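# Structural overview
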Amino acid sequence: EDPAREGGGETEVGRRTRDAMGQDTLATSLKTALGPGPYRSFRATSHALQLGDVSADTWYSTASRALRDKDLLDAVVRSIPDAGVRSEVERAHRDRVDAGAGASTSEEAAHVMGEKRSVAEVLAPGLVCLRRAIDLETQAWLAERAFEVGEGKDGRQGFYNTVPGDAPGDAPVLRLNQGTRGRVILPVSDFPERLGHIVRDCVRCAQTADSNTNVPDMNPTTALVNFYKEGAKFKWHRDSEDPAHARHDTGPPIVSFTVGLSADFSYKNRFEDSEHRTVRLNSGDVLLFGGPSRMIVHSVTGVVPRTMPPMLRGRMLHGRLNVTIRDIGRGVIDSSMFPAYRVSYDGVQSEDSY
């Protein structure tokens, strides 16, 4: 039996039917406005909001960018079933409105350490992992920009080389320029200014967790953008550094972003060490190593299958995007050695280049 509401109003079954019809209409409107792929990503992001994995501020920032129709955005907010979550989203909306003229600036803000459950892990002096440091919107933005530069347009080198087909007469094919990994090397100035702000925010967060001595200030000059296929690995190596810094453990930090599939990052002090430690880097994590950890020997020992965040599916190629930002100071990159990374200081090539 379905008793009517007090006062002879709508029955419970009637209310549920009306709500279901409303949700179907809203879903149709969202699919039309966004398209199939972005709609699936938006649904995944909204599910993460309900689970508490994405903050209300991050969700609202993503939603307000994706949905330019204010009425549709308002309808989505009203449809959030959990009253507490809905209240937080409405608060995020009020904050955006109150920002007024500053809204355009805040849209470009770096949202570093802005996710729920963000935490800084000091793995060793100068080696800091910022867990969930960059939010979904920032991850998607970084992936879009990185793959844009990785296309290699206008004579610029990209992730892929064009090679002859396997058999005579076959059409040429594109292959990643380092086998299971593609790389581009660019000045940071080739990216929007926002990237520099994000890097500096990450450095400040790491300094707060560790110290300014172990994590020195840095001036982001160079970006190495690496794209790894699922299951890819990379050899043990050191990242090149100015000998004047390397000798005294004062090197500015490498700032390494992971977007997409997770990766196992292994490290040790010397090549000859038989033991090493491994930290898993997930999408949105940022790893920094500088000062006493600047010259660690490290390796990508695996890119982990089935770890792509649902909200990034359809928004980037399947794999792990790794953007590493460096301050090479007086160093000079030998672009003729691309895709190898070779840096010289005072005309002498760093022996730790790779």
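Here's a quick rundown of the structure. (Residues numbered from 1 in each chain as written. Predicted model: local features only at pLDDT ≥ 70, side-chain atom pairs only at ≥ 80, totals over all residues. Heavy atoms only, no water.)

## Re the sheet that holds strand β7 (residues 234–237)
Here four strands make up an open sheet; going across it, the order is β7-β12-β9-β10 and the pairing antiparallel. With one partner strand each, in any of the chains shown, β7 and β10 (277–281) form the two edges of the open sheet. Averaged over all adjacent pairs, the angle separating strand axes in this sheet is 20 degrees, with direction ignored. Summarising the sheet, β7 and strand β12 (residues 297–303) pair through two bridges and their orientation is antiparallel. Along β12, the bridge assignment pairs Phe234 with Val300. (Pairing = 2+ DSSP bridges. Helix = DSSP H or I, 4+ residues; strand = E, 2+ residues; numbered from the N terminus. Axes fitted to C-alpha atoms, helices over the stretch in contact; angles between N-to-C directions.)

## Details of the side chain of Ser293
One can find Ser293 in the loop between β11 (286–289) and β12. Given a relative accessible area of 4%, Ser293 falls into the buried group. Every residue in contact with Ser293, bar those within four places of it in the chain, is listed here: Ala124, Pro125, Gly126 and Leu127. (Buried < 20%, exposed > 50% of the residue type's maximum accessible area, 1.4 Å probe, protein only. Contact = heavy atoms within 4.5 Å.)

## Some points on the pattern of salt bridges
According to the stated counting rule, one finds 13 salt bridges in the structure shown. Here Arg131 ties to Asp285 by a salt bridge, and the two come within 2.6 Å at their closest N and O atoms. Placement of the pair is Arg131 in strand β2 (residues 127–131) and Asp285 in the loop between β10 and β11, with a sequence separation of 154 residues. Here the two residues Arg131 and Asp285 agree in accessibility, since each one is buried. One salt bridge in this structure joins Arg270 and Glu272, with 3.8 Å as the shortest N-O distance. A relative accessible area of 59% means that Glu272 is categorised as exposed. In this structure, a network of salt bridges that share partners links the residues Glu121, Arg131 and Asp285. (Salt bridge = Lys/Arg side-chain N within 4 Å of Asp/Glu carboxyl O.)

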